[in-house]
Amino acid sequence: MSASWMLEIQNLHVAYGAVRVLEKISLNVAAGEIVCVLGANGAGKTSLLRAISNTMVQRSGRIAVAGQDVMNRSASQIVRLGVAHVPDGRGTFAHLSVEENLRLGAFARKGGFSQDALERTLGYFPRLRERYRQQAGTLSGGEQQMLAIGRALMLDPHLLLLDEPSFGLAPRIVGDIFDILRQINAAHQTSVVLVEQNAAMALNLAARAYLLETGRIVLSGSAVELRSDHAVRRAYLGS
Ligand SMILES: Nc1ncnc2c1ncn2[C@@H]1O[C@H](COP(=O)(O)OP(=O)(O)OP(=O)(O)O)[C@@H](O)[C@H]1O
Ligand SMILES: [Mg+2]
């Protein structure tokens, strides 16, 4: 395994009990790189992120984070390696305040709560500072997505796993959030795996992309290549 890859996946198979959902997945993310995984409903995008963070799925094959094999590591050990998973549906605690959600985000952090990480996070998301004491459940959809990403940033992650951050949000808010992701990536060389159905936005942000269809990778290449691919254009870009 090469240490220059932040994430290296080889021949990964994923199942829920007897139900096999991903087969023979190979995918790499370089340090500081943003990679997106595109695919229709049910293709296995969420399951792929769950396999990386070792939550809720059975997996076999090989996954390494920064050169370290994580197939025998627990979910919390993988978090400690700097992998932060922002799940689909955001996973924030509705009855807790913004502040409490952010503090909980730091719970699994190596070294515990960090004031620096909090200030950085609130710097990226000034809206969260404005709504610091507000209950998360009363935030707008866009603000809740910001909180979910903010909570992940409290871990000072090396690798961010984002599951459809654009889901249900107006294009302008998605644009704002993707801009912030670009800034975070540039400032800290944070690697990102972005799972999206919003191919146009994702291919704008990512350097490279993989296309997942019913549990298999059917296409991969630079974002530029995928954007000009006929099948991608027809199925995901509507042109
Ligand atoms: N807990 C589970 N138990 C059994 N099967 C599951 C479970 N979660 C997902 N699946 C199945 O795994 C397959 C892939 O689902 P997954 O959620 O990974 O797809 P997805 O690409 O994220 O879809 P979407 O775009 O709708 O979020 C689907 O056929 C789904 O029904
Ligand atoms: Mg999903």
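Residues numbered from 1 in each chain as written. Chains lettered and ligands numbered in written order. Predicted model: local features only at pLDDT ≥ 70, side-chain atom pairs only at ≥ 80, totals over all residues. Heavy atoms only, no water.

Going by what an unreviewed UniProt entry lists, the protein is known as ABC transporter ATP-binding protein and is assigned to Acidovorax benzenivorans. Turning to the protein, the UniProt record has this under Sequence similarities (unreviewed entry): "Belongs to the ABC transporter superfamily." (UniProt positions renumbered as here; feature names shortened; annotations may be inferred.)

S.K.: Kindly report on the packing of helix α6 (residues 141–153) against helix α7 (residues 171–188), identifying the contributing residues and their values.
M.R.: Interaxial distance between α6 and α7 falls to 10 Å at its minimum, and their mutual angle equals 15 degrees. When the axis of α6 is compared with that of α7, the two are roughly parallel. Regarding α6 and α7, the two cross each other, and that crossing is right-handed. Across the interface between the two elements, G142, Q145, M146, I149 and L153 of α6 pack against I173, I177, L181 and I184 of α7. A breakdown of the residues in the contact of α6 with α7 according to their chemical character gives seven nonpolar, two polar and no charged. (Axes fitted to C-alpha atoms, helices over the stretch in contact; angles between N-to-C directions. Helix = DSSP H or I, 4+ residues; strand = E, 2+ residues; numbered from the N terminus. Parallel < 35°, antiparallel > 145°, perpendicular 65-115°, else oblique. Left-handed = near helix turned anticlockwise from the far one by under 90°. Contact = heavy atoms within 4.5 Å. Nonpolar A, V, L, I, M, F, W, Y, C, P; charged D, E, K, R; others polar.)

S.K.: Go over the sheet that holds strand β4 (residues 58–65) with me, naming the residues and quoting the values.
M.R.: Taken together, four strands build an open sheet; the order of strands is β2-β1-β4-β5 and the sheet is antiparallel. Where the open sheet ends on each side, the last strands, each with one partner, are β2 (19–30) and β5 (68–69). Packing against the sheet, helix α1 (residues 45–53) makes contact with β1 (5–16), β2 and β4, and its axis sits at approximately 115 degrees to β1. (Pairing = 2+ DSSP bridges.)

S.K.: Break down the site of ligand 1 for me, with residues and values.
M.R.: Of all residues adjacent to ligand 1, which total 13 residues, the nearest are N41, G42, K45, T46 and S47. Between ligand 1 and N41 there is a distance of 2.8 Å, counted from an oxygen atom to a side-chain nitrogen or oxygen. Take G44: an N or O atom from its main chain is 2.9 Å from an oxygen atom of ligand 1. Protein contact buries 61% of the 640 Å² of open area that ligand 1 shows by itself. Per-element accounting of the shell around ligand 1 gives the leading share, four residues, to α1. (Near = heavy atom within 4 Å. Polar contact = N/O pair within 3.5 Å; in protein donor to acceptor, adjacent residues only side chain to side chain. Areas by Shrake-Rupley, 256 points an atom, 1.4 Å probe, with all protein chains shown as cover.)

S.K.: Give me the lowdown on the side chain of T121, citing residues and values where you can.
M.R.: Position of T121 among the secondary structure elements: in helix α4 (residues 115–124). Here A117 takes part through its backbone oxygen, which lies 2.8 Å from a polar atom of the side chain of T121. Excluding anything up to four places from it in sequence, T121 contacts L102, G150, L153 and M154.

S.K.: Give me α6: which residues, what numbers.
M.R.: An α-helix turns once per 3.6 residues; consequently, residues spaced three or four apart project the same way. An ideal rise of 1.5 Å per residue puts 18 Å on 13 residues; α6 measures up with 18 Å between its terminal C-alpha atoms. With 12 of its 13 residues buried, α6 lies for the most part within the structure. Along α6, the residues that are buried comprise G142, E143, Q144, Q145, M146, L147, A148, I149, G150, R151, A152 and L153. Looking at the packing, one finds that the buried side of α6 touches β6 (83–86), α3 (98–105), α4, α5 (126–130), β7 (159–163) and α7. (Expected span 1.5 Å × (residues − 1). Buried < 20%, exposed > 50% of the residue type's maximum accessible area, 1.4 Å probe, protein only.)

S.K.: Got a sec to walk through the pattern of salt bridges? Specific residues and values, please.
M.R.: Side chains that differ in charge, positive against negative, can pair when their charged atoms come close. On inspection of all chains with the given rule, the structure shows 12 salt bridges. In this structure, the salt-bridge partner of R133 is E99, at a minimum N-O distance of 2.3 Å. Note that R133 is positioned in the loop between α5 and α6 and E99 in helix α3, a separation of 34 residues in sequence. Across the salt bridge formed by R131 and E143, the nearest N and O atoms sit 3.0 Å from each other. (Salt bridge = Lys/Arg side-chain N within 4 Å of Asp/Glu carboxyl O.)

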